[in-house]
Amino acid sequence: MGRLSAAAAVVVLLGAWELYARVGGIEELVLPAPSAIGAALWTDRGLLATNFLVTATEIAGGVALALVLGGTLAVALHVSRPLRGALYPLLVASQAIPIVILAPLLVIWLGFGVLPKLAIIALICFFPVVVTTLDGLRAVDPDQRKLLRTMDASRTALLRFVELPAAAPAALSGARIAVAVAVVGAVFAEYAGSSEGLGHLMLQAVPQLDTPRAWAAVVVLAAFAVALFTALGALERRLTHNAGGSP
Amino acid sequence: MGASYRGGVLTRAVRPTDGRSRASLEDGDVALRGVGRVFTTGRGRRAKPIEALAGLTLRVHPGEVVAVVGPSGCGKTTLLELVCGLQAPDAGAVAAAPAVLMPQRDLLLPWMDALDNAGLARRVSGASREQARAAARPLFAAFGLGGFEDQRPAALSGGMRQRVAFLRTLLAGKPVLCLDEPFGALDALTRAEMQAWLAGALATEPRTTLLVTHDVEEALLLADRVAVLSPRPGRVVAELEVPAPRPRRATDPALVALREQAMEALWAG
């Protein structure tokens, strides 16, 4: 039922778009019709596939990096109250820095390879991961902490046996929120300086007046975002299912 | 496992109220003398002190099962947390051998199977997963949990979960058990079944036990002695020895008479 209505929504949207592009007098240069984008997807499939692999690696690597770094920082903030007081405001402030400002700097520091892309994507995805993981760590039942204390559990043991496993699904849901912005981040990162990737492809296609190709790249990116979102959701459900459901 | 907790007596004497000797603690001894505990609720100008316990004196001898009954909000949970060392008294002295808490809710970890949950205290104190499971396994068969070792808590009934929680408490290897309304969340039938089960478990694995409950009948079925607390601030207003032989039945005339006595003490407050 859900899939059916999702498919119906896509069909209606595409139909309206096609109609608007054909009858609305919009130039293909500005907004190509879905049929034109479909044709570009087919004719440029080799080009799209090669560049997709580059961008997909950047995104997956960046999100993974954000999970590791964000998770680690969340644990540090959780364990140390002074650290939380000192760093939390800075962390929020760092999110207010537009990535366009940072991107050229990262290119200077890290070069034109995959590193600055990973850094930019990780930087964007980092914040939701920290926030949801920290919330997950703090949501542990106070009675559970008391119980562990009467078992003479050390701080490390409390983290290892209770808090970390309890917060893992929350960290993944943070990563899921991050995935959508990660895709935009990847395009920005490639705009800032690159020789390959879907963002790079878009950057070249627009001045070449090949708008359908740029849109085809967008479609591939969007599909990847949906796939990654779904995969992380499945992983998260698996963790909570193990927790809540029957084996 | 009987010898695992020998030695190591923990004394927490905070502001002793008199100059008499500190309770000489044998293994599993619990002594509270003139204990007072005050909480503050609200903040700033609306801050209001709430006296949870005042002048509470209670002794639990090694190997004894003492039940504490009282109206809700009389500081029963505070009493257990003092004995477990989770809180310090504001007045009087608490001296207790190492104690482990069994909270009202089972608090089993949903991502671990029953055997891992039961062995949690062992793992927390550095044992490997295999060692912890090996320590827990024989108890499962002995206490009616055989066959449920690999089940996750979500697949267990309320009574089964409480059994696992109790084994987890036993396996902590402490001489004193503090049970906080262990069957409070169960339905009446399961509750009766679990009371008989706990009586049997304590007969095979004797421990100094402090059982908090609001159910007088449960207290009389399980305990050697019942302490009745007053409404807040809680103090002991009556102590009833329960000499009835085990296994006990709630319909035993001796228990019925004691029940009357306990209820009177509760009403009198």
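Residues numbered from 1 in each chain as written. Chains lettered and ligands numbered in written order. Predicted model: local features only at pLDDT ≥ 70, side-chain atom pairs only at ≥ 80, totals over all residues. Heavy atoms only, no water.

(A) Seen up close, the overall build of chain A. A count of helices and strands for chain A gives 10 helices and zero strands. Ordering the α and β elements of chain A from the N terminus gives α-α-α-α-α-α-α-α-α-α. Along the longest, intermediate and shortest principal axes, the C-alpha atoms of chain A span 75 × 50 × 30 Å. Counting the 247 residues in chain A, one finds 42% classified as buried. Across chain A, the centroid of the 16 positively charged side chains sits 11 Å from that of the 14 negatively charged ones. (Helix = DSSP H or I, 4+ residues; strand = E, 2+ residues; numbered from the N terminus. Buried < 20%, exposed > 50% of the residue type's maximum accessible area, 1.4 Å probe, protein only. Lys, Arg positive; Asp, Glu negative; His and termini not counted. Charge placed at Lys NZ, Arg CZ, Asp CG, Glu CD.)

(B) Highlighting unusual backbone geometry. Backbone torsion omega between Arg-232 of chain B and Pro-233 of chain B reads -5°, so that peptide bond is classified as cis. Tracing the backbone through its elements, the reader meets Pro-233 of chain B in the loop between strand E8 (225-229) and strand E9 (236-241). Omega for the peptide link from Arg-246 of chain B to Pro-247 of chain B comes to -5°, which places this bond in the cis form. You can see Pro-247 of chain B is positioned in the loop between E9 and helix H8 (253-268). You will see that Asp-152 of chain A, though not glycine, has its phi angle at about 60°, which is positive. Checked against the element boundaries, Asp-152 of chain A lands in the loop between helix H7 (142-150) and helix H8 (155-192).

(C) Broad picture of the packing of helix H5 (residues 99-110) of chain A against helix H6 (residues 114-138) of chain A. Residues and elements named next belong to chain A. The contact between H5 and H6 brings their axes to 9 Å, and the two run at 145°. Seen along the crossing, H5 lies across H6 with a hand that is right-handed. For the pair H5 and H6, the contacting residues are Ile-99, Leu-102, Ala-103, Leu-106, Val-107 and Leu-110 in the first and Leu-115, Pro-116, Ala-119, Ile-120, Leu-123 and Ile-124 in the second. Within the contact of H5 with H6, the residues separate by chemical class into 12 nonpolar, no polar and no charged. (Axes fitted to C-alpha atoms, helices over the stretch in contact; angles between N-to-C directions. Left-handed = near helix turned anticlockwise from the far one by under 90°. Contact = heavy atoms within 4.5 Å. Nonpolar A, V, L, I, M, F, W, Y, C, P; charged D, E, K, R; others polar.)

(D) Looking closely at the interface of chain B and chain A. Across the boundary between the two partners, chain B contributes 24 residues, which contact 22 residues of chain A. For the chain B and chain A pair, buried surface summed over both sides reaches about 2,100 Å², with 64% attributable to carbon and sulfur atoms. Of all residues in chain B, Leu-86, Trp-111 and Val-124 of chain B bury the most surface against chain A, accounting for 28% of the area lost on that side. Our enumeration of links across chain B and chain A arrives at four salt bridges. (Buried area = accessible area lost by both parts, 1.4 Å probe. Salt bridge = Lys/Arg side-chain N within 4 Å of Asp/Glu carboxyl O.)

(E) Highlighting the pattern of salt bridges. If you walk through the whole model with that rule in mind, you get 27 salt bridges over all chains. Among the ionic pairs, Asp-224 of chain B bridges to Arg-246 of chain B, the shortest N-O distance being 3.0 Å. One end of the pair, Asp-224 of chain B, is in the loop between helix H7 (216-222) and E8; the other, Arg-246 of chain B, is in the loop between E9 and H8, and 22 residues separate them in sequence. You can call Asp-224 of chain B partly exposed: its relative accessible area is 22%. The class for Arg-246 of chain B is partly exposed, based on a relative accessible area of 42%. In this structure, a network of salt bridges that share partners links the residues Asp-141, Asp-143 and Lys-146 of chain A together with Glu-81 and Arg-105 of chain B.

(F) Structural context of the nonpolar core. By size, the foremost hydrophobic cluster in this structure holds 64 residues, and its most contacted members are Leu-120, Val-124, Phe-140, Phe-166, Leu-167, Leu-198 and Val-226 of chain B. For this core, the element with the most residues is helix H5 (residues 158-170) of chain B, which contributes six residues. Setting aside residues no more than four positions away along its own chain, Val-124 of chain B makes contact with Leu-148, Met-151, Asp-152, Ala-153, Ala-157 and Phe-161 of chain A. The next biggest cluster of nonpolar side chains, apart from the first, holds 31 residues, and it includes Ile-37, Ala-175, Leu-198 and Ala-214 of chain A. (Core = buried A, V, L, I, M, F, W, Y, C linked by side-chain atoms within 4.5 Å.)

(G) Fine view of the sheet that holds strand E1 (residues 30-41) of chain B. All names here are of chain B. Taken together, three strands build an open sheet; the order of strands is E2-E1-E4 and the sheet is antiparallel. The sheet terminates laterally at strand E2 (48-60) and strand E4 (91-96), the two strands that pair on one side only. Put simply, the sheet's adjacent strands are angled 30° from each other on average, direction ignored. Lying on the sheet, helix H1 (residues 76-83) is in contact with E1, E2 and E4; it crosses E1 at an angle near 120°. (Pairing = 2+ DSSP bridges.)

(H) A look at the packing of aromatic side chains. In total, this model carries four aromatic pairs over all chains according to the counting rule given. Note on Trp-17 of chain A and Trp-215 of chain A: the rings are 5.3 Å apart at their centroids and 70° apart in plane angle, and the pair reads as edge-to-face. With Trp-17 of chain A in helix H1 (residues 2-23) and Trp-215 of chain A in helix H10 (residues 211-244), the pair connects residues that are 198 residues apart, well separated along the chain. Between Phe-166 of chain B and Trp-197 of chain B the ring centres are 5.6 Å apart and the planes differ by 80°, which places this aromatic pair in the edge-to-face class. Separated by 31 residues along the polypeptide, Phe-166 of chain B in helix H5 and Trp-197 of chain B in helix H6 (residues 188-204) bring together distant segments of the chain. (Phe/Tyr/Trp six-rings, centres within 6.5 Å; stacked < 30°, edge-to-face > 60°.)

(I) Quick look at the pairing of strand E5 (residues 99-102) of chain B. Residues and elements named next belong to chain B. Burial along E5 is two-sided: Ala-99 and Leu-101 and Val-100 and Met-102, pointing in opposite directions, are all buried. One ladder, built from four bridges, connects E5 with strand E6 (residues 176-180); its direction is parallel. Paired with Met-102 across the bridge in E6 is Leu-179.

All we've got here are geometric facts, nothing functional implied.
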